[in-house]
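Below, each chain spelled out in residue letters.
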Amino acid sequence: MALPTRGSTRLLSGALLAALALSGCTAADADPNASPGQRKEGGTLVFYAAPNPAFDPRQSYGWLNRALSDSLLDKDPATGKFYPWLARKWKHNSDQTEFTFHLRTDASFSDGVRVNAAAVKANFDGVRKDLAAGGGWYVRGQFEHYVETKVVDEYTVVVRFAKPNPSFLTTAATSQLAMLSPKSFAIPLEKRRTDFVASGPFVVEKYVPDERLVLKRRQDYTWNSALAEHRGRAAFETIDVRLVAEPGVREGALASGEAQIAETPTVEGSALLEQQGNKLYWNATVGIPYSLQPNFTKPLARDIAVRRALLKAIDRQELSASVTGKVAPPATSVITRTLNGYQDFSALLQHDPAGARKILDDAGWAAGADGVRLKDGRRLHLVITGAAEDKTIQDAMVLIKDQARAVGIEITIKPETGIGPTWWQSGADLWFSGNRSAEADVLRKMYQNAGTKAQPWLYEKSSEVSPHGQRLEEVLQRQAVEVDAAERDELLAEAQKILIEDAICIPLVEHASGFVAAAPQVRGLRLDGLSNLVVYDAWLDA
């Protein structure tokens, strides 16, 4: 099964923080200066973005998803409250095995097909087809106990599961379960990465891979989320997206006035752009923080003593202070603090080099002449990979390399030049990565294969790599069907503790996402529950 396409998340560092401290700027939501009464219609938004090989919302993530697609519900990231979108109302039974959606009657896909009960059924049935084809990463686990979607009438559906599914509504409110036109599910997954039909406020008018993407607004769009700041069609007639890999070029386009938005600018560039009057938008990523994900097909990654020692050898405070900055603080668990069930386990993530050395000593890893540990004639040498184009990730790995060397672990950094699905084929022992999800059930998706070996880098059973593995599998399965919120939180807390204590995941830092610099005349930008930039409400105050 393929992992999701890596999105455009980036980290920020201390240089930017200094500029932010001077200006008083913080992570932005909707522009406070933009009121619906001031909106101006028309024009083109020029958006310099990093290339992404996919923008099907079910295979990737990013701001394009929300420009092109809608979901049944929306969720306020600040309050956690659900709001109507394609569904005008909904309900579920007491054990959360049956969900009823009453759809609005005015929504349509860009191919003219109505967003009706039959279309919703095609979407949920289509998940099974995607999973069978090796896709469906974002909703893996959500449909394990899926029974059916029953069409009650033209605009009413009932979705049934054999077991409780308490995380279903949260996922349904994200782009990860956005509604696509039924014909999209006849398109092979690889082709569908850029070839699909949805119901969003914009459609793709032109696409030249790695060069340009032109979005055109739908004139008939009236079915916006209840969280939106306005009703009806988007203000921009077109969004002209220039796909440029070099961040300096993106920054230069914004500085010169050629563009109104530059995606993921560099640390230094961000500070300069802000000094010129541009605004910075970002939010904390929700899901799994930046972590070292072990490749459990490799012998050293399967060695619990090695993993536990590395977890203790890393100084997360130093990592944040010298590389990633305060907007990417030290991780305190294997999920971010905004997720349901989060518990602070920072005490288990303290820098403890003496403890790391003892673990290695007790496991028979003796220091060699050059300080690198040896066991049975083998050097304790690990290979770490991470996004080659992200300088901050590369800098973070260099610091981790130095910290690990202090306890006798030798690390080689191997920059990752491809996308997620190939990392374990590179020979790396560990992957510097994160995972975006609105639900803590992502832990089950990531770390519990239930004997299926669906993820090539993972174990078949967690008991193979952890003395508490059998309990971990039990806890992750139980929380997925537990409808009592307090009991579910307790189970999730236990899972987090096992994952950290046995270093099945090695958390590093939380990180920012949805990061763009925008010209001051761009109003109405906000971030959704997955920290994706939303451009639907945006307009130019020229």
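Numbering of residues starts from 1 in each chain and follows the order in which that chain's sequence is written. Two thresholds apply to this predicted model, a pLDDT of at least 70 for residue-level local features and 80 or more for giving and counting side-chain atom pairs, whereas whole-chain, interface and lining totals are computed over all residues. Only hydrogens and water are removed before side-chain values are computed, so all heavy atoms of the structure are retained for them.

Turning to the nonpolar core, a few remarks are in order. If you look at the biggest cluster of nonpolar residues, it comprises 75 residues, and the most contacted ones within it are F47, W63, L72, F101, F124 and I239. Residue contacts are defined here by distance: any two heavy atoms, one from each residue, within 4.5 Å place the two residues in contact. Once residues within four sequence positions are removed from consideration, F47 is found in contact with W63, I239, D240, V241, R242, I261, E263, V516 and L533. In terms of nonpolar packing, the next biggest core, distinct from the first, is built from 68 residues, I288, I335, W431 and C505 among them. Nonpolar cores were defined as sets of buried Ala, Val, Leu, Ile, Met, Phe, Trp, Tyr and Cys residues, with membership established by side-chain atoms within 4.5 Å. Type-normalised accessible area, obtained with a 1.4 Å probe on protein chains alone, sets the label of each residue: buried when under 20%, exposed when over 50%, and partly exposed for intermediate values.

If you walk across this open sheet you meet the three strands as β14-β15-β16, and the pairing is antiparallel. Across the chains shown, the open sheet's two edge strands, defined by having one partner strand only, are β14 (366-367) and β16 (378-379). Any two strands with at least two DSSP-identified bridges between them are counted as paired. Starting at the N terminus, helices and strands are each numbered in turn, a helix being any DSSP run of H or I of at least four residues and a strand any DSSP run of E of at least two. Where strand β15 (residues 373-375) and β16 come together, two bridges link them in antiparallel fashion. Note on β16: the bridge partner recorded for L374 is R379.

On to helix α7 (residues 267-275). All of the buried residues in α7 are V267, G269, S270, A271, L273 and E274. Among the residues trailing α7, G277 stands out with phi positive, at a value near 105°.

Let us look at the confidence of the model for the protein chain. Reading fine detail from the predicted coordinates is not recommended where pLDDT is low. The predicted model of the protein chain has a mean per-residue pLDDT of 89, with 91% of residues at 70 or higher. Per-residue confidence from the predictor is reported as pLDDT, a score between 0 and 100. Across residues 1-34, confidence stays below pLDDT 50; counting only partners more than four residues off in sequence or on other chains, it has 126 contacts.

Of note, A538 is situated in the loop between β24 (533-534) and β25 (539-540). Spatially, the C-alpha atom of A538 lies 42 Å from that of A428, the residues being 110 residues apart in sequence. Among all residues touching A538, those that are not within four sequence positions of it are R39, A235, F236, R523, G524 and L525.

The next subject is unusual backbone geometry. Phi is positive for D376, which is not a glycine, with a value near 55°. Looking at the element boundaries, D376 is found in the loop between β15 and β16. A positive phi angle is found at A503, which is not glycine, with a value near 50°. The residue A503 is located in the loop between α15 (485-501) and β20 (506-509) in this model.

In this section: the packing of helix α9 (residues 304-313) against helix α11 (residues 353-362). Lines fitted to the C-alpha atoms define the axes, with helices restricted to the stretch that makes contact. Angles between their N-to-C directions range from 0 to 180 degrees. Where α9 meets α11, the axes come as close as 8 Å, and the angle between the chain directions of the two elements is 165°. The angle between the axes of α9 and α11 places the two elements in the roughly antiparallel class. Along this stretch, α9 crosses α11, giving a crossing that reads as left-handed. Here A305, V306, R308, A309, K312 and A313 of α9 lie close against α11, whose contacting residues are P353, G355, A356, I359 and L360. Three residue categories are used. Nonpolar comprises Ala, Val, Leu, Ile, Met, Phe, Trp, Tyr, Cys and Pro, charged comprises Asp, Glu, Lys and Arg, and polar comprises the others, including Gly. Tallied by class, residues from the contact of α9 with α11 come to eight nonpolar, one polar and two charged. For classification purposes, angles smaller than 35 degrees are called roughly parallel, those larger than 145 roughly antiparallel, those between 65 and 115 roughly perpendicular, and all remaining angles oblique. Should the near helix be turned counterclockwise from the far one by less than a right angle, the crossing is left-handed, whereas a clockwise turn marks it as right-handed.

Below, the discussion takes up the packing of aromatic side chains. Centres within 6.5 Å are what make two rings of Phe, Tyr or Trp a pair, Trp counting through its six-membered ring; a difference in plane orientation under 30 degrees is then read as stacked, over 60 as edge-to-face, and the rest as tilted. Per the stated rule, a full pass over the model turns up 21 aromatic pairs. These aromatic residues form a ring-pair network of at least three members: F99, F101, F124, F143, Y146, F161 and F168.

Take the sheet that holds strand β1 (residues 44-49) next. Strand order in the open sheet formed by seven strands is β8-β9-β10-β1-β11-β21-β12, and the pairing between neighbours is mixed. A single partner strand is all that each edge strand has here, and the edge strands are β8 (202-208) and β12 (279-284). When strand polarity is set aside, the average angle formed by the axes of neighbouring strands in this sheet is 20°. Where strand β9 (residues 212-217) and strand β10 (residues 238-243) come together, five bridges link them in antiparallel fashion. When the sheet's bridge partners are listed, V214 is paired in β10 with D240.

With respect to the helices and strands, T412 occurs in strand β18 (residues 410-416). On the accessibility criterion, T412 (34% relative accessible area) is partly exposed. Sequence separation of T412 and V398 is 14 residues, and the distance between their C-alpha atoms is 9.1 Å. Among residues more than four places away in sequence, those in contact with T412 are H381, L382, V383 and I384. A polar contact of 2.6 Å, which involves the side chain of T412, links it to the side chain of H381. Under the rule applied, a polar contact is a pair of N or O atoms within 3.5 Å (in protein, one hydrogen donor and one hydrogen acceptor; residues adjacent in sequence only if both atoms are side-chain atoms).

This next bit is on the pairing of β18. In the sheet, strand β17 (residues 381-387) pairs with β18 via seven bridges, with the strands oriented parallel. Across the sheet, T385 pairs through a bridge with K414, a residue of β18. A crossover links β17 with its parallel partner β18, the connecting element being helix α12 (residues 391-405), and its sense is right-handed. The path from the first strand over the helix to the second decides the hand: if it runs clockwise while the strands point away from the viewer, the crossover is right-handed.

This brings us to the environment of N65. On the secondary structure map, N65 appears in helix α2 (residues 63-68). Separated by 111 residues in sequence, N65 and Q176 have C-alpha atoms that sit 8.7 Å apart.

Right, let's talk about the pattern of salt bridges for a bit. Whenever a carboxyl oxygen of Asp or Glu lies within 4 Å of a side-chain nitrogen of Lys or Arg, that contact is scored as a salt bridge. Scanning all chains against the criterion turns up 33 salt bridges. With its nearest N and O atoms 2.9 Å apart, the salt bridge here joins D541 to K40. Linking D541 in the segment after β25 with K40 in the loop between α1 (14-23) and β1, this pair joins segments that are 501 residues apart in sequence. Accessibility expressed as a relative area gives 38% for K40, which makes it partly exposed. D370 serves as the salt-bridge partner of R379, at 3.0 Å between the closest nitrogen and oxygen. Linked by salt bridges that have partners in common, R471, E474, R478, E487 and E494 make up one network.

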